[in-house]
Each structure stands twice: as structure tokens, then as C-alpha cells.
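Here's the letter readout for the chains.
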Amino acid sequence: MKPVRVILAVGILTAIGGAKAADQGAELAARIVAQLGQVPERARHFQEHREIAALDRPLVTTGTLTFRKPNFLEKTTITPRLEDMTIQGDRVSIRRGDGPVHVIMLDQSPELSVLATTLRAPLSGDSQALRHYYTLSASGDLGHWTLLLSPVDQEAARYVRNVTLAGRNNVVDSVRVVLRNGDRQMLVIDP
């Protein structure tokens, strides 16, 4: 076989192998999201580290996360100061300390809409909602997995570079978000 044909054959086989791996990653991602959606309610403690360019050290917060199917998510921050953020349906309510509750409709805030889908859709098992904003790929297996969300939607790409969820079985252990501006958030969820 001539060298050019060998190179072409190797290139074709590599492309086929890459396509199969991508298909397997997308299939595993769909299975992971479906598995996560089997749990109707969750409540767990978290610790969040935010690396923000404007700050000289990470901002660390702790609190609890509560999720109830189909679309209720509450993040209660306890330290360093009390804050409650609730996403239910198409509205977000935020209350800091004893202050008033501020309500924002998701259709009025594209950034919050992307965030709500990014956090709620995996927990509710909604791959279709995730695929609206992201390409999904995964590695590992259903017992120990990593799910990568890469923006395909222009709106999501305005805010997010990528999102990585890591977990075991039907449990999310961590969520890492890299924002378009380079800021990073790592949410570690207690077992």
C-alpha cells in the first residue's frame, strides 16, 4: 500500500473512532441525566468557592441546596452571610439577611435563565432542556461519572465557557462553572 493510502486509511479510522467515542460520550451523558432525574427530592449541604478577578482571594460560602421535581431549587447560604435564592417555575426570589425579597422573572434575565436550566435540568432528568443551551458529553460510567456541558446557544455562550458536573450513581458531588469572563465557581456538595 502506498504511503498516501496508509495515511488516508489511518485518518479515516481515527475519525471513525473519534465519532464513536463522541457518540458514546453523548449516550452516557443522556443516561447520567436520566439517572439523576430518578430522584424526586434532594437536600444537601454545600461549600462554594468563587474565584472572581476583582477579588484577591476566593470567596467561600456554605449552606444548603434543596431540589424538588420538577423545577424547585433553593440555595440557602449560611456563611459568610445569610442569603436565600429560590428558583421555582419561571421566577427567582432572592433575599439577603432580613432584607426584602427581590423577584426576577426568568424571561427578563437571560443570564438567570441559563443558570436555572444549568442547575435544574440535570436534577430533573431533562436532557432536552440542557441540549437547548449545551452540547453534552460524559466520561466514566454510571457509578462514577463526569458530565461536561459546552455552550452551543449564543445566549449561554455569552455567560458560560463550560460547566462540569461530577458524581456517583444518581448523586451530584460537584458543579464547576467557568464563566465567559474567566471567573470560576466550584460548588462541592456533601454526601
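For the structure itself, consult the block above.
Residues numbered from 1 in each chain as written. Predicted model: local features only at pLDDT ≥ 70, side-chain atom pairs only at ≥ 80, totals over all residues. Heavy atoms only, no water.

(A) Structural view of the sheet that holds strand β2 (residues 59-68). Read from one edge of the open sheet, 11 strands run β6-β5-β4-β3-β2-β1-β11-β10-β9-β8-β7, paired in antiparallel fashion. The open sheet terminates on both sides in strands that have one partner only, identified here as β6 (101-105) and β7 (134-141). Put simply, the sheet's adjacent strands are angled 20 degrees from each other on average, direction ignored. Bridging between strand β10 (residues 171-179) and strand β11 (residues 184-189) involves five bridges; their strand directions are antiparallel. Within β11, the residue paired with S174 across the bridge is V188. (Pairing = 2+ DSSP bridges. Helix = DSSP H or I, 4+ residues; strand = E, 2+ residues; numbered from the N terminus. Axes fitted to C-alpha atoms, helices over the stretch in contact; angles between N-to-C directions.)

(B) Layout of helix α2 (residues 110-124). Between its first and last C-alpha, α2 extends 20 Å over 15 residues, near the 21 Å set by a 1.5 Å rise per residue. In terms of burial, α2 is largely enclosed, as 11 of its 15 residues are buried. Restricting attention to buried positions, one finds in α2 the residues L112, S113, V114, A116, T117, T118, R120, A121, P122, L123 and S124. Two residues or fewer past α2, G125 is found with a positive phi of approximately 80 degrees. (Expected span 1.5 Å × (residues − 1). Buried < 20%, exposed > 50% of the residue type's maximum accessible area, 1.4 Å probe, protein only.)

(C) Layout of the environment of G99. By the element assignment, G99 lies in the loop between β5 (91-96) and β6. A residue is classified by how much of its surface remains accessible, and G99, at 22% relative accessible area, is partly exposed. Spatially, the C-alpha atom of G99 lies 9.5 Å from that of E83, the residues being 16 residues apart in sequence.

(D) Structural view of the pattern of salt bridges. For the structure shown, the criterion picks out six salt bridges. In this structure, R44 engages D173 in a salt bridge whose closest nitrogen and oxygen atoms are separated by 3.9 Å. Here the residue R44 occupies a position in strand β1 (residues 41-51), and D173 occupies one in strand β10, the gap between them amounting to 129 residues. Measuring nitrogen to oxygen at the nearest pair gives 2.8 Å for the salt bridge that ties K75 to E48. Of this pair, K75 sits in strand β3 (residues 72-79) while E48 sits in strand β1, and the two are 27 residues apart along the sequence. Considered together, K75 and E48 belong to a single accessibility category, that of buried residues. Members of the salt-bridge network, linked through shared partners, are R44, R168 and D173. (Salt bridge = Lys/Arg side-chain N within 4 Å of Asp/Glu carboxyl O.)

(E) Expanded view of the nonpolar core. With 37 residues, the main nonpolar core has Y134, L147, L149, V163, L165 and V172 as its most contacted residues. When sequence neighbours within four positions are dropped, the list of residues in contact with L165 reads P122, W145, T146, L147, L149, V172, S174 and V175. (Core = buried A, V, L, I, M, F, W, Y, C linked by side-chain atoms within 4.5 Å. Contact = heavy atoms within 4.5 Å.)

(F) Inspection of unusual backbone geometry at higher detail. In this model, K69 is joined to P70 through a cis peptide bond whose omega is 5 degrees. Inspection of the secondary structure puts P70 in the loop between β2 and β3. With an omega of 10 degrees, the peptide bond between T79 and P80 qualifies as cis. Its place among the elements puts P80 in the loop between β3 and β4 (83-88).

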